[in-house]
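Residue-level structure breakdown
Each chain is listed here by its residues.
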Amino acid sequence: MASYVHRIEVQYSRDPRLPTRTERFRSLGFPLRELHLVDVYTIATARRDFSPEELSQIGAQLSNPVVQRYSVDRPTEAGFDCAIEVGFLPGVTDNAGTTAKQTIEDYFGFRFGEGEAVFSSQLYLVCGDLTPESLERLTAALANPLVNRVHVRSREEYAGKGMDAVTPFVHLHDLQAAGTVDLDLPDAELARIGKEGILDPGTGERRGPLALDLAQLHAIRDYFRKLGRKPTDVELESLAQTWSEHCKHTIFASAMDDDVPRGLYKTCIQAATNTVRKEKGDDDICVSVFTDNSGAIVFDDEHLVTCKVETHNSPSALDPFGGALTGIVGVNRDTIGFGLGAKPCINIYGYCVGDPDTEPALFRGKNRENPILPPRRIFEGVVRGVDVGGNCSGIPTPQGWCCFHDRYVGKPLVFAGTVGVMPRTRNGKPLHEKQALPGDLIVMVGGRVGKDGIHGATFSSEALDPASPVTAVQIGDPITQKKFSDVIVKEARDLDLYRSITDNGAGGLSCSVAEMAKESGGCHVLLDRVPLKYPGMAPWEIWISESQERMTLAVPEEKIEAFMNLMKRREVEATVIGEFTDTGRCVVEYGGETVMDVGLDFLHDGLPKKHLRTKPVEATYPEPDVPCPDRLDDLLLAMLKRKNICSKEFISTRYDHTVQGGHVLGPVQGAGRVQAPATLTKVVPGSMKGVGLSQGLFPSYSELDPYRMALAAIDAAIRGLVAIGVPLDTIALLDNFCWCSSDEPARLWQLKRAAFGCYDGAVEFATPYISGKDSMFNDFSGFDADSNPVKVSVPPTLLITSIGVHPDVTTAVSMDAKFDGDLVYVVGETGEELGGSEYLAHLGIEGGAVPSLDIETAKVRYEKMTDAITKGIVASAFPATHGGLLAALAKVAIAGRAGMDLTIPGGMRPDTYLFSESLGRFVVTVAPGDRKAFEEIFGGDAHLLGSVGGETFRVSAGERTLIEQPIKAMETAYKAPFGGY
Amino acid sequence: MARAYNARALIMSGYGINSEMETAEALMRAGMASDIVHINDLIAGEKTLSDYRLMVFPGGFSYGDDTGAGNAYANRVRNNLWSDVKEFLAGDNLVLGICNGFQILANLGLVPAFDRDYPREIALMPNRKGVLECRFVTLKPAADNLWTKGISHLYCPVSHGEGNFSCSEETLKRIERENMVAFRYCRDDLSPAGGEYPYNPNGALADIAGVTSADGKVLGLMPHPERAMEFVNLYDWPIQKERLKREGKPLPTESMNMRFFRNVVDYFGR
């Protein structure tokens, strides 16, 4: 217990952020005059105190005398009306506190011990007359009760004594041991264990859901009956992790109906890849697919590139900042954990959230208890999470998108992806292969283990106890990860110091060690050796904890000294926690006793098989019946302001997209700065090649036609890359299914249709899947303001990410119109396909025909586009997607800050022609001198609409003017919705 | 392409520094070999500062910008390497800090360093907008010195949350009087940014993007020339390419930003 506690407060003399911060909160509706911010460090020591002089030295180390002042054990004085202090709850990662602690340690040359720490907090000094309700709302906007502690004082209460010094240490008492669990129970009782968890003998409470169904529990019971003993809690928790939907993807693996006996994954995703690889023969681009933490394709003769896209949905619903931060640094580890370690070189993000201008009244509990976070809070939180995670890790984050839909209010979808690069071989050995051997030591590297993330994002009863660590959510520590990422990928890998590596993600050590144990044929773990954040954790908790920033490695005995020495020099904590074996068993010891001893075959393959049944959804929607306006000016501006079309540039500029020096085509392009659907990045210095990335996502098509929805996503992802000059035959795909209610036959039918679309699209385009992930239950179940039960399910969502290799980035094409006089073409055919379109969403109509795709024709067109781009006769190219041709033309014009004079063909209603989201189309501008060459390549597939020029965007149909708008007004509209972010 | 100079560069790394590889690449392309050295290896004596002529603090997020950008790393340098650094500064050597490196130099007092006491006299405060800003900026040399020689302008990214240059009025006067402002943010036409966003991306006093020490041998620079070494790295390269192509001119391979690194390397080539 700390005996000496001191509080250092640091404040800017003139805070440059004050106007922006104040303005931001005023725009959220708080009547503030000013909102000041003070950084607080609370230093708690047990063995020694600091003298006043030493505390001043500490204050000087933690502040900058040029622009800041600090006070020691004395409240900051300022004119204000109330003070709100926001700190962390016990056990929440406190990065600023840790840095302050290290600085003090370095300065005085001593180490903080057990029960000693520095805690950071932020003190907001509020000037303004806030009502108690307003103050409560402000507090809710500044803090998240799941991770933060909040203390509020009025000016009178604050006077003279300031805020209390709070030290949120974790206090856990009893030393925990493993227990056994009796599974010889009636089914009802057994099912309860599966749903609510093991009954904790100490607390008398359930430990949280195992998510095991009755069939699985029977299989486990029968296994242990044969062994003649009861399972321990460690074994049961471990099996629950390994068999979870998250790890085993049962829905994609199980037989479905009569036509998919091998399951959707094998039948649609893996089979598509196998077919494509076989057909491509020697031109196969795949190096590693589906088996490792990422997928990998050939980059050039010396390098390969990896890619993986993950989701972090549930954590982001509860703590958007922490959820998104751990999402991005987590998928970075899928890169570091690929093969023997690839270097993360590009980050990818994607956010599906509710409309941030709405505040739906939804609650997790009855009687308006436990409200959901409002969409804006979630949106800003996830944006900031990837900001901190990506930026601090030194990985550029150029590629991403946002999608807004009311059905994401209960559960946002947060996609995070990473591309990695690695040499193909080292000393003649391929780097993408790894193999732990019997006798290799199991080494855990990185952060320490706490109760973080145990049982995922469930509300545990413990969270209500003020001294209990937070378990439901986690905040990442990107610097701890950066330290081990650097030493592993830039040093240890090339010194050949380990034989295998994987990341600790879902299921923590229980999954990472058991997964690697497959390579050697077994493992023997000494759980007492695992370094903990605080004492008092039970063995099952240590084994399944999802504490962040950890890797597990297999280090040969003869290299262990060199390995540990290198980690020590880089100040990276590394601990030998056991040994890989060839016993065929996963054995775990704790306190000298065996707490787990399960056969690897049962652990990995003992899961009972399922057979899923689907039920077709007969969706019939009438074709829309609204008149076409005479002029489309207002529609154009309204469409440019739609959140799924307008600029979200504030994200692009907050995310460093230039670090590592490979920026070629970034997230915003042209003088008018329009967000691009595809980006191009160099990842190997000196090479002419680059990595192109794009994405496709059409959740608004899903309920209408899930098969076509999947084709649309595949086509958009591929077309985005083709438009910048990436050839089709270098492109690989990644699939992320985020479904809802996947226990309902109708949802499973939609899933099957989408998966069939995935197979057809990939095979016909000859673009293999290299990696994928699914998240099947994105449903919110709660209550409305009147305590009526409410279920909000996300629209079935499929994200297709495309990665391709640009052969020569100097031939790449950006999206902005270039020069007056250039010709404007649409390449590809436009049909009457408004189903699920942004236009119909704008009109509030659900229905219509979802765009279809003739892939054979599209493929020929895309190959011609690559040819034209290689020949240098394309000045700009842009794929028409959300918002149709008009949104595409407008974006190309705004990006070039150039007017256009266009005439659309007759034969179709102008609004249908301009807003139809027909697939396969590009808007292209061409220099007049290249007209002949261009038209020779495309023939009748290229439709000349007009030319670039002036400062007005004009669209006519025959003699009739449809639109006449200054480009400036369009740019203003395009950038308006998120202007205040 | 590489010229064989005996002088080697020491590029600092560790604790969240992240631009060491592209910085080494830029120096290599300009003709100077370098070693990327973890600060702990310097502290442990496994590498020695005096073996080098150029010390570079590259960009990054050392210690996650906690306790102020560059502050914690600067403390680690001051608490462990201070005498070596002072000795290095006394020799005929150069020190360059880019972005997080500039923040470290400012916290160490290596710029402006009017005297050899190295107090902190300038600060790189949080950006006016309060968030990280990543975008291309145009820089114009504000002094004629070894770093700016022959440069008409640089066009390269800023990417920082804390680059808002600040100091007292007297310090500013002295920095300007002694020609220590190396680069200022400016508009596309090279006229002064006048504090206007986004030309001046962070609110920096007097549009200051980079300053040298009083003796001119230390430079701190917020923007990243090492992130735009090539023509295709420039934000506006697609339209420049289209223009050059139509004028029948060849495309450059390098960007103008390489001149900056050549200047650094040329210093040792006398």
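Procedures and definitions
Here, residues in each chain are numbered from 1, in the same order as that chain's written sequence. A letter from A marks each chain and a number from 1 marks each ligand, given out in the order of writing. The predicted origin of the model limits local features to residues at a pLDDT of at least 70 and limits the giving and counting of side-chain atom pairs to 80 or more, whereas totals for whole chains, interfaces and linings rest on all residues. No hydrogens and no water enter the side-chain calculation; it runs on all heavy atoms of the structure. Only when DSSP finds a minimum of two bridges between them are two strands counted as paired. Starting at the N terminus, helices and strands are each numbered in turn, a helix being any DSSP run of H or I of at least four residues and a strand any DSSP run of E of at least two. For helices, the axis comes from a line fit to the C-alpha atoms of the stretch in contact; other axes are also lines fit to C-alpha atoms, and the angle between any two N-to-C directions lies between 0 and 180 degrees. UniProt positions are given in the numbering used here, feature names are shortened, and annotations may be inferred rather than shown by experiment. Patch rule: a residue counts if its relative accessible area is over 30% and it has no salt bridge; like charges are joined within 9 Å, and nonpolar side chains (Val, Leu, Ile, Met, Phe, Trp, Tyr) within 5 Å. Only the protein chains shown count as cover for residues, with accessible areas throughout obtained via the Shrake-Rupley method and a probe of 1.4 Å. Any carboxyl oxygen of Asp or Glu within 4 Å of a side-chain nitrogen of Lys or Arg constitutes a salt bridge here. We score Asp and Glu as negative and Lys and Arg as positive, and we do not count His or the chain ends. Every charge is mapped onto a representative atom, which is NZ of Lys, CZ of Arg, CG of Asp or CD of Glu. The buried label applies to any residue whose accessible area, calculated with a 1.4 Å probe on protein chains only, is under 20% of its type's maximum; exposed applies above 50%, and partly exposed to all values in between. Think of pLDDT as the predictor's per-residue confidence, scored from 0 to 100. Contacts are residue-level and defined by heavy atoms, with any inter-residue pair within 4.5 Å sufficient. Here the buried area means the combined drop in accessible surface, using a 1.4 Å probe, for two parts upon being joined, counting both sides. Counted as a polar contact is a pair of N or O atoms within 3.5 Å, where, for protein atoms, one must be capable of donating a hydrogen and the other of accepting one, and residues adjacent in sequence contribute only when both atoms are in side chains.

**Quick notes on the sheet that holds strand β10 (residues 303-311) of chain A**
Residue and element names in this part refer to chain A. Here 6 strands make up an open sheet; going across it, the order is β8-β9-β10-β13-β11-β12 and the pairing mixed. The open sheet has two free edges, formed respectively by β8 (286-288) and β12 (399-404), since each of these has just one partner strand. Within the sheet, the average angular offset between the axes of one strand and its neighbour, ignoring direction, is 20 degrees.

**Regarding the UniProt feature "domain: Phosphoribosylformylglycinamidine synthase linker" (unreviewed entry) in chain A**
Within the UniProt annotation, "domain: Phosphoribosylformylglycinamidine synthase linker" (unreviewed entry) is assigned to residues 209-249 of chain A. Strand forms 0% of residues 209-249 of chain A and helix 68%; the C-alpha atoms that close the span are 18 Å apart.

**Considering a negative patch on the surface**
Residues and elements named next belong to chain A. A contiguous patch of negative charge, built from D282, D283, D729 and E863, is present on the exposed surface. Relative to the elements of secondary structure, D283 occurs in the loop between α11 (263-280) and β8. When its relative accessible area of 56% is taken as the criterion, D283 is described as exposed.

**Quick look at the confidence of the model for chain A**
Residues at a pLDDT of 70 or more form 98% of chain A, whose mean pLDDT is 93. Of the regions scoring below 50 in pLDDT, residues 457-466 of chain A engages in 16 contacts with residues more than four places distant in sequence or in other chains.

**As for the UniProt feature "binding site: ATP" (unreviewed entry) in chain A**
Residue and element names in this part refer to chain A. The UniProt record annotates "binding site: ATP" (unreviewed entry) at K308, D735 and G772. Taking the farthest pair of C-alpha atoms as the criterion, the annotated set spanning 465 residues converges on one region, since that pair is 9.4 Å apart. Its place among the elements puts D735 in strand β29 (residues 732-738). Classification of D735 as buried rests on a relative accessible area of 5%. Dropping the residues within four chain positions of it, D735 is found in contact with I269, Y769, S771, G772, K773, L798, L799 and I800. Using a relative accessible area of 30% as the deciding quantity, one classes G772 as partly exposed.

**Section: the side chain of A:T103**
Following the sequence through the fold, A:T103 ends up in helix α3 (residues 95-108). The buried category is assigned to A:T103, whose relative accessible area is 5%. For A:T103, the residues in contact, after removing those within four places along its chain, are A:Q61, B:A72, B:N75 and B:N79.

**Digging into the interface of chain B and chain A**
Between chain B and chain A, the contact holds 62 residues from the first and 68 residues from the second. Taking both partners together, chain B and chain A bury about 5,300 Å²; carbon and sulfur atoms supply 53% of that area. We note a salt bridge from A:D822 to B:R246, for which the minimum N-O separation is 2.7 Å. Applying the counting rule to chain B against chain A returns 29 residue pairs in polar contact (both at pLDDT 80 or more). Counting residues per element, the ones that place at least two in the side of chain B that touches chain A are α1 (20-30), α2 (39-43), α3 (71-90), β5 (122-125), β6 (133-141), β7 (154-160), β8 (164-167) and α6 (237-246) of chain B.

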